[in-house]
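If you want the building blocks of each chain, they are given just below.
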Amino acid sequence: MSPRAALARIRLNPHSRAVQSDLRNATDMHRTLMRLVPDGLGDSPRQAAGLLYRLDVSDTFNTLLVQASILDPTRLPDDYGHADVKDLTPVLNALQKGLDVRYRIVVNPVKTERLPLENKGQRGKRIALTGPDADQWWARRAHEAGLHLTTALPTPIAAVHGRGNNTVAVRHHLVRYDGTATVTDPDALAEAVLGGIGRAKSYGAGLLSLARAAV
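Just so it is clear, the structure is predicted and the values come from calculations on it, not from any experiment.

Draft legend 1. Representation of unusual backbone geometry within the structure. One non-glycine residue, aspartate 79, lies in positive phi territory at about 60°. Structurally, aspartate 79 is set in the loop between β3 (62-68) and β4 (81-87). Assessed through its relative accessible area of 60%, aspartate 79 is described here as exposed.

Following this line, the structure appears as structure tokens:
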């Protein structure tokens, strides 16, 4: 039905120097994960590969979820962590209208500043959304992605830092949402799973995880 997608679940080795470096700098993390996808993907390789990732942190260990059309975890640095890879096609094929699901996503909720008329043609700066504004942003984006939210628990998480082109420092505000929802548009939802939701996809935002809700 949809393009092939694979999901790697990597239990990170906290003693790995490569892991420690990547956790400090999201640009390094993105560079490491791009090694898992094929070379020669053109000017927008992340988008061409469909690469998305999310760091899930617990009291005992950190798990990195990495999604792309093709993944080769053998290209990770030595001792980076243990990786299990599964095909997401069955998950996508199981999506149907009315299905109740559990979800998790880390997002970068932002809005673009509105400029005065005399600044027509210019784009305002992006402003991070927090609290109810962020919740409304996620509800709207979830609706567009074919999900009707029934619960949404926000958890602010540490902003990610990195360095972009010309060593310019970047910082992205992130919020994790966990909850339950009902599928309203399976095609739109499959597209959202494959393409991610929102901005900052190179910095660990946008990967939507779904599982059938317990009856």
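More follows now that the structure is in view.
Draft legend 2. Region of interest: the confidence of the model for the protein. Chain-level pLDDT for the protein is 89 on average; 90% of the residues reach the 70-or-more range. Between the elements of the protein, mean pLDDT differs from a low of 83, seen in strand β7 (residues 126-128), to a high of 98, seen in strand β8 (residues 147-149).

Draft legend 3. Here's a closer look at the side chain of threonine 32. Here threonine 32 is to be found in helix α2 (residues 26-34). With near-sequence residues (within four places) excluded, threonine 32 lies in contact with Asp22, Leu76, Pro77 and Tyr80.

Draft legend 4. Local environment of the sheet that holds strand β1 (residues 6-12). With antiparallel pairing, the four strands of this open sheet are ordered in space as β2-β3-β1-β4. If you trace the sheet from one side to the other, it starts and ends with β2 (52-57) and β4, each paired once. Along the sheet, successive strands turn relative to each other by an average axial angle of 15°, direction set aside. Relative to β3, β2 runs antiparallel, the two sharing six bridges. Following the sheet pairing, leucine 52 is matched in β3 by glutamine 67. Contacting β2 and β3, α2 runs over the sheet at an angle of about 120° to β2.

Draft legend 5. Quick look at the environment of arginine 75. Checked against the element boundaries, arginine 75 lands in the loop between β3 and β4. Residues arginine 75 and arginine 35, 40 residues apart in the sequence, show an inter-C-alpha distance of 6.2 Å. Ignoring sequence-local partners within four residues, the contact set of arginine 75 consists of Arg35, Leu36, Val37, Pro38 and Asp39. One polar contact links the side chain of arginine 75 to the main-chain carbonyl oxygen of valine 37, over a distance of 3.2 Å.

Draft legend 6. Representation of the environment of leucine 12 within the structure. Looking at where leucine 12 falls in the secondary structure, it is placed in strand β1. With a relative accessible area of 6%, leucine 12 lands in the buried category. A sequence separation of 51 residues divides leucine 12 from threonine 63, and the C-alpha atoms of the two residues are 5.9 Å apart. What leucine 12 contacts, discounting residues up to four positions off in sequence, is Val19, Leu23, Leu55, Asn62, Leu64, Tyr80 and Gly81.

What counts, and at which threshold
- Residues numbered from 1 in each chain as written.
- Predicted model: local features only at pLDDT ≥ 70, side-chain atom pairs only at ≥ 80, totals over all residues.
- Heavy atoms only, no water.
- Helix = DSSP H or I, 4+ residues; strand = E, 2+ residues; numbered from the N terminus.
- Buried < 20%, exposed > 50% of the residue type's maximum accessible area, 1.4 Å probe, protein only.
- pLDDT = per-residue confidence, 0-100.
- Contact = heavy atoms within 4.5 Å.
- Pairing = 2+ DSSP bridges.
- Axes fitted to C-alpha atoms, helices over the stretch in contact; angles between N-to-C directions.
- Polar contact = N/O pair within 3.5 Å; in protein donor to acceptor, adjacent residues only side chain to side chain.

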